[in-house]
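Below are the chains, spelled out letter by letter.
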Amino acid sequence: MAKNLLVVESPAKAKTINKYLGKDFTVLASYGHVRDLVPKEGAVDPEHGFAMRYDLIEKNEKHVEAIAKAAKSADSVFLATDPDREGEAISWHIAEILRERGLLEGKPLQRVVFTEITPRAIKEAMLQPRAIAIDLVDAQQARRALDYLVGFNLSPVLWRKVQRGLSAGRVQSPALRMIVEREEEIEAFKAHEYWSIEAEVAHPSQGFTARLSKLDGQKFVSDTKNLEFTLTNGDDAEAARKRIQQAAGGSLHVTDVTSKERKRRPAAPFTTSTLQQEGARKLGFTTRKTMQVAQKLYEGVAIGEEGTVGLISYMRTDSVSLSQDALVEIRDVIARDFGTDALPDQPIVYKTKSKNAQEAHEAVRPTSALRTPAQVGRFLTDDERKLYELIWKRTVASQMIPATLNTVTVELAAGTEHSFRASGTTVVVSGFLAVYEEGKDSKSSEDDDEGRKLPLMKPGDTVPLERIHTDQHFTQPPPRFTEASLVKALEEYGIGRPSTYASIIQTLQFRKYVEMEGRAFRPSDVGRAVSNFLSSHFTRYVDYDFTAKLEDELDAVAAGEEDWIPLMEKFWGPFKQLVDEKSESVDRTEATGARELGTDPKSGKPISVRLGRYGPYAQIGDKDTDEKLEFASLRPGQSMHTISMEDALELFKLPRKLGQDKDEEVSVGIGRFGPFAKRGSVYASLKKEDDPYTIDLARAVFLIEEKEEIARNRIIKEWAESEIQVLNGR
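Presented here is an overview of the structure given in this document. (Residues numbered from 1 in each chain as written. Predicted model: local features only at pLDDT ≥ 70, side-chain atom pairs only at ≥ 80, totals over all residues. Heavy atoms only, no water.)

### Quick look at the pattern of salt bridges
Side-chain pairs of opposite charge can arise whenever the charged atoms involved come near each other.
Link 1 in the chain: Within the structure shown, the criterion is met by 54 salt bridges.
Link 2 in the chain: For Glu553, the salt bridge is made with Lys570, and the minimal N-O distance between the two is 2.7 Å. Highlighted residues: Glu553 in helix 17 (residues 544-558) and Lys570 in helix 18 (residues 564-585), separated in sequence by 17 residues.
Link 3 in the chain: Assessed through its relative accessible area of 11%, Glu553 is described here as buried.
Link 4 in the chain: One salt bridge connects Glu689 with Arg699, and the closest N-O pair in it is separated by 3.6 Å. With Glu689 in the loop between strand 29 (682-685) and helix 21 (697-712) and Arg699 in helix 21, the pair connects residues that are ten residues apart, well separated along the chain.
Link 5 in the chain: By relative accessible area, Glu689 is classed as exposed at 62%.
Link 6 in the chain: Overlapping salt bridges, with partners in common, bring together Glu116, Arg120, Glu124, Asp325, Glu362 and Arg365 in one network. (Salt bridge = Lys/Arg side-chain N within 4 Å of Asp/Glu carboxyl O. Helix = DSSP H or I, 4+ residues; strand = E, 2+ residues; numbered from the N terminus. Buried < 20%, exposed > 50% of the residue type's maximum accessible area, 1.4 Å probe, protein only.)

Printed below as a string of structure tokens:
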């Protein structure tokens, strides 16, 4: 039996490290967390110093037993879980389990940290063992306890006041609030019309367009931010076009040419947040997919004769720094592949902008820049290759010289009162742009000019004018959040930490608080009800600054600057008091955001939209005054916050009678389990492509008969003397 036991989190990592350490080591995987709070009330006890009751995670029990068995016969135990708070906590839990079982008596237990899975990094880490960092463990436990107390106390309030099965999270709720507030901004947005005027210039060398910059001797304004516009309707725009056309007389006169050089510096190497953002922008990956692929690259990939090796450093990090060894290698690669001219005199040092760079000591980088994407690409899956190339290029580019850009701006007069402006930006020295350019969430007018080269012109030149045209525009509402822009916003506000962004988004989607429209998040009616309820009644706990300050305090615990129990006490008292108060005082109608639309023209009763157990619905009548109420579910894509009176009335046209078949009435309606067709006592669910408001008799009969055919063929075999049957499954 091996003398030493080393425990990591994943089996892939265990397999790779085992090859490096040799026969003196047994390397086992914990498969993530081994213990968690018991999943019931009382797992955290505020009355007794926030004592926590842990239990083994059932699916990982066999892995814990394997670790315990190996620890029993080992001389030394090394805990090498991931280099962040979660990893530190897992090591502590494993140590506690082994200690409780008496398996550590007389044995050294040490913590080692690998930020990359390479032979050199493993050997160096094994020479620098340390004790478990209890401050990091306390910070993780405090975070887990806070999440538990918020979830177990706030979720039941949502169940009673909004809808059963809902949950509220300490970090997910402010993230949901961001998405909901953005949607409310979009709905409240009023578009403003404005017009632009452009000249199409027929220069002998090359045609180009120029934007109007001066009209009637005054600066031409199209400021969408401050809503200041010179032209706001088509008639004025056409009149202005005619005045300019007449003044120009078929040509424009060059009055000024300016040339300005500027430097554009490379982006810093990847942190978790920026990797997730660029993975979404450039590769179309979700945050979850980016982290899954990065995990595989970190844990190790078989690279031909070299064997299994980790290709990137640890991917959960706030840091943008690079080790000296990495910098030397990166600079060698730049000199070799792009020439010494692309290399700055000294390595570029980046400073972390994040409020707290506690997760790891380095940026996400290749473990060796010498392993180019071209060399290792054939050993990787398509997704692994794409992400590795992204990381390699970003890292190498971060240590290259800035790009030098030259912007030429030409002023062109049309008579004495009007003028146009054209700009073009070209790359003089490509620098880092030869390797990588950071993605953007939205384009600016400067981006349109980039890459456009204007023909040579000088003041006094006259250039032929081909035509002048006007264009109508409308101001645009703020865009919905994408995964990339949401992660960026969460980081800017200091909400959550690198390891939590993917899980926040995943939870919002799993709970159906948000829906995807293309790549953008749109809050569901349930999500809006939850967010508005929390914002109205638990304002402090979904406040961005409060959430960020709490994260800072947890960081102070991790740094050993603050004790975790006073932090918990400060949070728990006011929170519990507010939960108790709101459980009694808030009316459910208010909590669900019920909205009155008007009066039903047939019955004279009020029509409203509400959120019920099975989703949003329209209601005719008032439960306090009307004996009989009518209900109709909203259709997919409709929202109780935007539905009109006219659309709501359409909903009550169900059930629809389609006609007769086999002497029985055929109708369609929407029930508890969705849209259906009915003939006599036979019900058949409508398919996804069927609309209950437009489906015809023939289609409804087809679905009903298809259902009856399935029912007839359901029994494969039965026996007269027995109740046993052999049935067709789904």
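Once the structure has been displayed, the description carries forward.
### What about the sheet that holds strand 7 (residues 76-79)?
Link 1 in the chain: Spatial ordering of the open sheet is given by 2-1-7-8, a layout of four strands whose pairing is parallel. Edge positions in the sheet fall to strand 2 (25-29) and strand 8 (109-111), since each has one partner strand and no second. When strand polarity is set aside, the average angle formed by the axes of neighbouring strands in this sheet is 20 degrees.
Link 2 in the chain: Pairing of strand 7 with strand 8 involves three bridges; the strand directions are parallel. What sits directly across from Phe78, in strand 8, is Gln110.
Link 3 in the chain: Along the sheet, helix 2 (residues 61-73) makes contact with strand 1 (4-8), strand 2 and strand 7, crossing strand 2 at roughly 160 degrees. (Pairing = 2+ DSSP bridges. Axes fitted to C-alpha atoms, helices over the stretch in contact; angles between N-to-C directions. Contact = heavy atoms within 4.5 Å.)

### Details of the sheet that holds strand 22 (residues 595-599)
Link 1 in the chain: In space, the four strands of this open sheet follow the order 22-23-24-25, with antiparallel pairing throughout. For this open sheet the edge positions go to strand 22 and strand 25 (630-633), each flanked by a neighbour on one side alone. Here the strands of the sheet are splayed against their neighbours by 25 degrees on average, with no regard to which way each runs.
Link 2 in the chain: Pairing between strand 24 (residues 615-620) and strand 25: four bridges, direction antiparallel. Each bridged residue has a counterpart across the sheet, and for Ile620 the counterpart in strand 25 is Glu630.

### Notes on helix 10 (residues 324-338)
Link 1 in the chain: With 15 residues, helix 10 should reach 21 Å at 1.5 Å per residue; the first-to-last C-alpha distance of 21 Å fits that figure.
Link 2 in the chain: Looking only at helix 10, the buried set comprises Ala326, Leu327, Ile330, Arg331, Val333 and Ile334. Buried positions in helix 10, seen along its axis, are confined to an arc of 160 degrees and lie on one side of it.
Link 3 in the chain: Looking at the buried positions of helix 10, the neighbouring elements they touch are helix 12 (382-397).
Link 4 in the chain: Just downstream of helix 10 lies Gly339, where phi reads positive at about 90 degrees. (Expected span 1.5 Å × (residues − 1). Arc of directions from axis to C-beta.)

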